[in-house]
Amino acid sequence: MCNVTMGPLLACHLSPWQRTRGRVTDIMPSQLEGAMDALIRVFHNYSGSEGDKYKLNKGELKDLLNSELTNFLTSQKDPMLVEKIMNDLDSNKDNEVDFNEFVVLVAALTVACNDFFQEMQKNK
């Protein structure tokens with residue numbers, strides 16, 4: 001049973017009646033839907049603590065990267081990495097990263113991880 005803490009992805013697929021009742025049973029998200037929901041939740045857990053609640057400023061992005069991509073950051077040796085990521089992601093140059101820009105980072109890292117995985121499989 002889900003209530004007001006139901007994921008944003010699940011909530012967008014419910015009828016207004018289901019959303020206002022606050023109880024949803026027999027709805028289990030697929031693995032991919034769960035991953036999409038997690039991505040949305042992670043972004044919004046860090047966005048908006050300062051300024052626009054739908055965007056990450058540099059400090060919020062740094063907090064997100066340090067907390068959610070710890071292994072990625074610690075494997076890098078570049079002290080300017082967060083600054084470079086911010087500049088690369090901020091396509092409209094407003095010094096903030098919106099959800100669409102954030103998804104580009106996650107997609108690029110996911111592709112890189114998949115490429116690494118495939119290369120490892122070839123070398124077995």
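About the criteria used
- Residues numbered from 1 in each chain as written.
- Predicted model: local features only at pLDDT ≥ 70, side-chain atom pairs only at ≥ 80, totals over all residues.
- Heavy atoms only, no water.
- Helix = DSSP H or I, 4+ residues; strand = E, 2+ residues; numbered from the N terminus.
- Buried < 20%, exposed > 50% of the residue type's maximum accessible area, 1.4 Å probe, protein only.
- Contact = heavy atoms within 4.5 Å.
- Areas by Shrake-Rupley, 256 points an atom, 1.4 Å probe, with all protein chains shown as cover.
- Core = buried A, V, L, I, M, F, W, Y, C linked by side-chain atoms within 4.5 Å.
- Phe/Tyr/Trp six-rings, centres within 6.5 Å; stacked < 30°, edge-to-face > 60°.

Q: Hey, could you go over the overall build of the chain for me, with residue numbers and the actual values?
A: The helix and strand inventory of the chain stands at seven helices and two strands. If you list the helices and strands of the chain from N to C, you get α-α-α-β-α-α-α-β-α. Within the chain, the fraction of its 124 residues that count as buried is 26%. Excluding contacts between residues fewer than 6 apart, the proportion of contacts in the chain whose partners are at least 24 apart in sequence is 42%. For the chain, the exposed area adds up to about 8,800 Å²; of that, 57% sits on carbon and sulfur atoms.

Q: Describe unusual backbone geometry, and please don't skip the residues or the numbers.
A: Phi at K93 is positive, roughly 55 degrees, even though this residue is not glycine. Examined against the element boundaries, K93 turns out to sit in the loop between helix 6 (81–89) and strand 2 (97–98). You will see that N95, though not glycine, has its phi angle at about 60 degrees, which is positive. Its place among the elements puts N95 in the loop between helix 6 and strand 2.

Q: Describe the side chain of S47, naming the residues involved and giving the relevant values.
A: Looking at where S47 falls in the secondary structure, it is placed in the loop between helix 3 (31–46) and strand 1 (55–56). Filtering out sequence-adjacent residues up to four positions away, S47 remains in contact with K53, Y54, K55, L56 and E60.

Q: Explain the nonpolar core to me, using residue names and the numbers behind them.
A: When a protein is soluble and globular, its nonpolar side chains tend to lie buried together. Ranked by internal contacts, the top residues of the largest apolar core, which has 16 residues, are L56, L61, L65, I85 and V97. For this core, the elements supplying multiple residues, two or more each, are helix 3, helix 4 (58–68), helix 6 and helix 7 (99–122). In terms of residue count, the dominant contributor to this core is helix 6 (five residues). Not counting the four nearest positions on each side in its chain, I85 is found in contact with L61, L65, F72 and L105.

Q: Which residues make up the packing of aromatic side chains, and what are the values?
A: Within the structure shown, the criterion is met by three aromatic pairs. Measuring from centroid to centroid gives 5.4 Å for F43 and F102, while their planes differ by 45 degrees, and the two rings are tilted. Remark: F102 occurs in helix 7 and F43 occurs in helix 3; sequence separation between them is 59 residues. Neither F43 nor F102 differs from the other in exposure class; each is buried. Considering the side-chain rings of F99 and F102, the 6.4 Å spacing of their centres and the 45 degrees angle between planes classify their relative orientation as tilted. Highlighted residues: F99 and F102, both in helix 7, separated by three residues, approximately one helical turn. Overall, F99 belongs to the partly exposed group, its relative accessible area being 24%.

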